[in-house]
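Spelled out from the first residue to the last, the chains are:
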Amino acid sequence: MALSPFAGENFLTHPLPDYETEWKTILFKAIIATIVFIAVLPKVVQSWFCSGFTPPSRESTKKTSHEDESFSMPNESRPNHKIRVVTKTIINGIEGRSLISRKDNNNNIASSRNGSIPKVRNEAPNHGHATNDDEKKNTNKVPNFVFPFINAVYLAYLFFLILQSPNNKDTARMVYMAPLLKQHETDMIIQMATNAAERNARKAKEELDRLSKDEKSSSNEVKRLEKLLEWPAGFLKDRHSTYPTTDLNVVIDFEEEDKSTIGQILDARLGPLLERIYGVSKDSLRTNDMFVVRYDGEGQQSLGMHTDGCHISFNVLLNDDFEGGGTRFHNTKDDSHQDANPKPGNVLINNAMVLHEGLPTTKGTRYILVGFMYVDVKDPWSGVKKHVSWFSTYLSIPWLTVVLKEALEIKSQTQAAAAAAAASRSNRDERNHQGSKDALILSLINEAFWSFYAMGNTLAHDIRCEMVFRTTNSLELGWFDLFGMAGTIGQPRKIS
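The shown structure was predicted, so the numbers you read here are calculated from the model rather than taken from an experiment. (Residues numbered from 1 in each chain as written. Predicted model: local features only at pLDDT ≥ 70, side-chain atom pairs only at ≥ 80, totals over all residues. Heavy atoms only, no water.)

Draft legend 1. Looking closely at the overall build of the protein chain. Helix and strand counts for the protein chain stand at 13 helices and 14 strands. For the protein chain, long-range pairs separated by at least 24 residues make up 81% of all intrachain contacts whose partners lie at least 6 apart in sequence. Per element, the accessible surface of the protein chain, about 28000 Å² overall, is 55% carbon and sulfur. (Helix = DSSP H or I, 4+ residues; strand = E, 2+ residues; numbered from the N terminus. Contact = heavy atoms within 4.5 Å. Areas by Shrake-Rupley, 256 points an atom, 1.4 Å probe, with all protein chains shown as cover.)

Structural data, given as C-alpha cells:
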C-alpha cells in the first residue's frame, strides 16, 4: 500500500515513522528468518546430530584390506578338503567377523573334488559408510524437542519483529497535538451546537405537551423528554451509558449544512494528519461517532478515567473562556500521567486504548469536539476492500485488540439471545447441556481475550504528549494553506 505524500512534512517538530521503509525492512527480515529457520537450520542440525559415528583409522583400513582377501587353495594342499573363508566387515567403526555357513563349505568341497574352483563369497568392505538402515537410525538420533524448539524460536522472532512495527512501537504509545481549526471556525461549531440544543429543547417541550394529554403515553418516553429539558436544555445527558457526557450528536442533532461544513474541514485537514501519523489510507478511516461535549463549572465538570471504544480518537478544544479543564493521559506502568492543555482549535489525537480522563472545569463552560474513528479493512455496508496495510490492521496489536473485543461482545450478545430463545423450548435437559457447553467456550474465549487485551494495553504505557506541528502565528496560515482550506469557511453565523 502506497501512502500519499504529506504536504506538511516540513512543519513536523516530532519525527514520525517512515512507514513504508520500516514495513519493507521488517518484511525483508521476516523472509530471511523464514529461509534460515525453515530451510537451512533444520538441515544443519540434522547433519550435526547424524555425524556422531567416527570413520575408521588408516591402520585398521590396511589391516582390513589384507584380511578381506579371499583365496582358494589347490586341491593338493587341502588335505581335509575344508575351506575356512574369513570376511572382515566394518560397520560404524566396529569390527565384525562372519563365517561362511557350513552349507557353503560343503558346496565348495564338492566343487573342489570335481576339479573346479570353488566359489568364494567375497563381501566388499564397508569402511565407515552407513547403509540406508543406518541413516534412518542416525536420523532418529535427533532429539524430539529440537525441531519444535526451532519452530518456537522462529515464531518468537516473528512476533518480536511485529512488535517493532511503528504501529506497535511508536504511534500506539503517543498522544499527538496539531492545529486543526481557526478561531472563527471553532466559534462557528459552538454556534451550531447552541442552535441544535435550542431545536432539541423546543421539540422536546412540544412532544411533552402532547404526551401529557395522552393517557396512554409511555412513562419512559416522558422521563426521556424531561431529562432532555433539564439544564442545559437540549443537551443529551445519558447517550453514553458507561461514561455519560453532556453532549450533542453531530450526525443526528446538527443540520445537513452544518454537517457538510464540518465534514469538509475534517476531510481536508484531519484526514491527512491521521494518514501520516498512523500509516493508514484516508479511504480506510470511518467516523463511528462525533459529538460536541459541554463541561460546566455548575454542571458536569469532568469525566472519569476510561478508554474509547474505537481505534483512533480525537478531541478539539473549541474555546478558552473557562477555568480548569484539560485532558490527562495516564501511564499505567508507573502510575504517572501527563496533562494536555491545547489552545483552542488544536486537536489531540491518540490511540483509543490509551487511558485518559477529562479534568474538572471549575468555572465557565468548556466545549470540545470529540470523534471516534475506525480503520476498516472492508466497508461495513458494501463490503468493498479498503487500501490499508496489514501492518496497520492485522499486525497492529491495538487494532486487533479492539476487533477481538467487539467480536467477544457480539458473541456474548448472541449467546444471551440464544439462551433466551432456548428458555421457551420444552427439552430443558438438552438446553442446559448445550448452554453449559457454550458457557464454557465463551469463558475460554473471554479469558484468552483479556490476556491479549492486557498485552495490548502494555503498548499504551509510555505516554508522551508531543507538539507535532509548529503553531506560531507566522507559520499557522501556511499550515492551513497546505490543505486548501484557508479562507473557505465563513464567519460565525446564526443558524436557525
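Text resumes after the structure shown.
Draft legend 2. Main features of the confidence of the model for the protein chain. Per-residue confidence for the protein chain gives a mean pLDDT of 76, with 66% of residues at or over 70. Note that pLDDT drops below 50 for residues 60-103; the model gives that stretch 64 contacts with residues more than four away or on any other chain. Confidence over residues 119-124 falls short of pLDDT 50; this stretch has 13 contacts with residues more than four positions distant or in other chains. (pLDDT = per-residue confidence, 0-100.)

Draft legend 3. Here's a closer look at the sheet that holds strand β6 (residues 303-306). With antiparallel pairing, 4 strands are arranged side by side in an open sheet as β6-β12-β9-β10. The open sheet has two edge strands, β6 and β10 (336-340), and neither has a second partner. Across the sheet, the mean angle from the axis of one strand to that of its neighbour is 15 degrees, orientation sign disregarded. Pairing analysis gives 5 bridges linking strand β9 (residues 327-331) to β10, with the strands arranged antiparallel. Note that in β10 the partner of F329 across the bridge is Q338. (Pairing = 2+ DSSP bridges. Axes fitted to C-alpha atoms, helices over the stretch in contact; angles between N-to-C directions.)

Draft legend 4. Main features of the nonpolar core. F254, V292, F314, L318 and I349 are the most contacted members of the largest nonpolar core, which totals 43 residues. Every element with two or more residues in this core is listed here: β3 (174-179), α7 (183-212), α10 (256-278), β5 (285-296), β7 (312-317), β11 (346-351) and β13 (361-375). At 8 residues, α10 tops the list of elements feeding residues into this core. Not counting the four nearest positions on each side in its chain, L318 is found in contact with L181, T186, I189, I190, V292, P344, Y367, I368 and L369. One finds L303, L317, F322 and V370 within the second-largest nonpolar core, a separate group that totals 14 residues. (Core = buried A, V, L, I, M, F, W, Y, C linked by side-chain atoms within 4.5 Å. Buried < 20%, exposed > 50% of the residue type's maximum accessible area, 1.4 Å probe, protein only.)

Draft legend 5. Molecular detail of the environment of P380. Looking at the element boundaries, P380 is found in the loop between β13 and α11 (397-422). It is 9.7 Å that separates the C-alpha atoms of P380 and R286, two residues lying 94 residues apart in sequence.

Draft legend 6. Representation of a nonpolar patch on the surface. Together, L27, F28, I31, I32, I35, V36, V40 and V44 give the surface a local cluster of nonpolar side chains, amounting to about 700 Å² of exposed area. Its location among the elements puts V40 in helix α1 (residues 19-50). A relative accessible area of 42% means that V40 is categorised as partly exposed. (Patch = residues over 30% accessible without salt bridge, like charges linked within 9 Å, V, L, I, M, F, W, Y side chains within 5 Å. Salt bridge = Lys/Arg side-chain N within 4 Å of Asp/Glu carboxyl O.)

Draft legend 7. Up close: unusual backbone geometry. The omega torsion across W231 and P232 is -5 degrees, close enough to zero to call that bond cis. Note on placement: P232 falls in the loop between α8 (219-229) and β4 (247-249).

Draft legend 8. View of the pairing of β9. Of all the 5 residues making up β9, 4 are buried; the element is thus mostly covered by neighbouring parts of the structure. Between β9 and β10, which follow one another and run antiparallel, lie 4 residues, and D335 among them has a positive phi close to 60 degrees. Pairing geometry for β9 and strand β12 (residues 356-358), over 3 bridges, is antiparallel. Considered in β12, the bridge of R328 is made with E357.

Draft legend 9. Structural context of the pattern of salt bridges. Inspection of the entire model under this criterion finds 13 salt bridges. Here R269 makes a salt bridge to E185, at a shortest N to O gap of 2.8 Å. Residue R269 is found in helix α10, and its partner E185 is found in helix α7; the two are separated by 84 residues along the sequence. Both residues of the pair, R269 and E185, count as buried. Of the charged contacts, one joins D289 and R239 as a salt bridge, the two residues approaching to 3.3 Å between their closest N and O atoms. Placement of D289 in strand β5 and of R239 in the loop between α8 and β4 is noted, with a sequence separation of 50 residues between them. Judged by its relative accessible area of 12%, D289 falls in the buried class.

Draft legend 10. Representation of α1 in the model. End to end, α1 covers 45 Å across 32 residues, agreeing with the expected 46 Å (1.5 Å per residue, within 8%). The largest bend in α1 comes to about 40 degrees, at V40, with the proline P42 one to four residues further on. Here α1 has its buried residues at Y19, W23, I26, A30, A33, F37, P42, V45 and C50. (Expected span 1.5 Å × (residues − 1). Bend = angle between axes of the 7 residues up to and from the residue.)

Draft legend 11. Focus on the packing of aromatic side chains. This structure, assessed with the given rule, holds 7 aromatic pairs. Between W23 and F391, the aromatic rings sit 5.6 Å apart at their centres with planes inclined by 10 degrees, giving stacked as the arrangement. With a gap of 368 residues between them, W23 in helix α1 and F391 in the loop between β13 and α11 connect regions that are remote in the sequence. In terms of burial, W23 and F391 fall into one category: buried. Between W48 and F49, the ring centres sit 4.8 Å apart and the planes meet at 80 degrees, which makes this aromatic pair edge-to-face. With relative accessibility at 61%, the residue W48 sits in the exposed group. Aromatic rings pair up to connect Y19, W23 and F391 into one cluster. Seen from the ring of F291, R239 lies directly overhead, with NZ or CZ sitting 4.9 Å from the centre. The cationic tip of R294 hangs over the ring face of F235; the distance from NZ or CZ to the ring centre is 5.5 Å. (Phe/Tyr/Trp six-rings, centres within 6.5 Å; stacked < 30°, edge-to-face > 60°. Lys NZ or Arg CZ within 6 Å of the ring centre and 35° of its normal.)

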